[in-house]
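Coordinate analysis (summary)
Okay, here's what each chain looks like letter by letter:
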Amino acid sequence: MARKTLKQLEKERNDNLQKEKKRLAKIFKKIPKDSYNVAKNLIENVAFMSIILDELMQEISKSKFVVKTKNGSQTFSKESPLLTTYNKMYANFQKGIQALISLVPQS
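The model shown is predicted, which means the values in this text are computed figures rather than measured ones.

1. Overview of the layout of surface pockets
Looking at the largest pocket, its volume works out to about 440 Å³. Elements that contribute at least two residues to the lining of the largest pocket include exactly helix 1 (6-27) and helix 2 (33-62).

Pasting the structure below:
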């Protein structure tokens, strides 16, 4: 299978991002218009994080969860930087979703 070019990867990410924004906008369409400007920025950020989390998940599944690191004469194991990034971004993703949900009026 041929490797994708950087341009192809960027186009794919942008297409996925647009789809995710539309999907989230549809889910959160009940947010009142006066709160929607805040919601719009949140939707864009949550959509971005969703796409990046998917990409990170694919990379993590191909790699090790723990990596060996050398600091001077000491060698130790630590969590993969990909996994650390994923965990931090997922926490922020959850906060973004919670913030969006809080803007939806209770029925």
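2. Points about the environment of asparagine 87
Along the chain, asparagine 87 turns up in helix 3 (residues 81-103). Residues asparagine 87 and leucine 53, 34 residues apart in the sequence, show an inter-C-alpha distance of 9.2 Å.

3. Structural notes on the nonpolar core
Grouped together as the largest cluster of nonpolar side chains are 20 residues, with contacts concentrated most on Leu24, Phe28, Val46 and Leu100. Only helix 1, helix 2 and helix 3 provide two or more residues apiece to this core. Sorting elements by how many residues they give to this core places helix 2 first, with eleven residues. Those residues in contact with leucine 24, other than ones at most four positions away along the chain, are Ile43, Val46 and Ala47.

4. As for helix 3
For helix 3, with 23 residues, the first-to-last C-alpha span of 34 Å sits near the 33 Å given by 1.5 Å per residue. If you follow the buried residues of helix 3, they end up packed against helix 2 and strand 2 (74-79). Two or three places before leucine 82, at the opening of helix 3, serine 80 has a side-chain oxygen 3.2 Å from that residue's backbone nitrogen.

5. So, helix 2
For an α-helix the count is 3.6 residues per turn, leaving residues at separations of three or four pointing the same way. If you check helix 2, its first and last C-alpha atoms are 43 Å apart, about what 30 residues at 1.5 Å a residue would give, namely 44 Å. Roughly 35° is the biggest bend found in helix 2, and it falls at alanine 39.

6. A word on the pattern of salt bridges
Tallied over the full model, the rule gives five salt bridges. For glutamate 20, the salt bridge is made with arginine 23, and the minimal N-O distance between the two is 2.9 Å. With a gap of three residues between them, glutamate 20 and arginine 23 both fall in helix 1, about one helical turn apart. Across the pair glutamate 59 and lysine 62 runs a salt bridge, and its minimum N-O distance is 3.6 Å. Pair noted here: glutamate 59 and lysine 62 are both in helix 2, with a separation of three residues, about one helical turn. With a relative accessible area of 64%, lysine 62 lands in the exposed category.

7. Some details on the pairing of strand 1 (residues 66-71)
Counting buried positions along strand 1 yields zero of six residues, so the element is predominantly exposed. In this sheet, strand 2 lies alongside strand 1 in antiparallel orientation, the contact comprising six bridges. Opposite asparagine 71, over in strand 2, you have glutamine 74 as the bridge partner.

Criteria and thresholds
- Residues numbered from 1 in each chain as written.
- Predicted model: local features only at pLDDT ≥ 70, side-chain atom pairs only at ≥ 80, totals over all residues.
- Heavy atoms only, no water.
- 1 Å grid on protein atoms, 1.4 Å probe; cavity = no way out; pocket = protein on both sides within 12 Å on 5 of 7 lines; lining within 4 Å.
- Points joined across faces, edges and corners; volume = space filled by probe spheres on them.
- Helix = DSSP H or I, 4+ residues; strand = E, 2+ residues; numbered from the N terminus.
- Core = buried A, V, L, I, M, F, W, Y, C linked by side-chain atoms within 4.5 Å.
- Buried < 20%, exposed > 50% of the residue type's maximum accessible area, 1.4 Å probe, protein only.
- Contact = heavy atoms within 4.5 Å.
- Expected span 1.5 Å × (residues − 1).
- Polar contact = N/O pair within 3.5 Å; in protein donor to acceptor, adjacent residues only side chain to side chain.
- Bend = angle between axes of the 7 residues up to and from the residue.
- Salt bridge = Lys/Arg side-chain N within 4 Å of Asp/Glu carboxyl O.
- Pairing = 2+ DSSP bridges.

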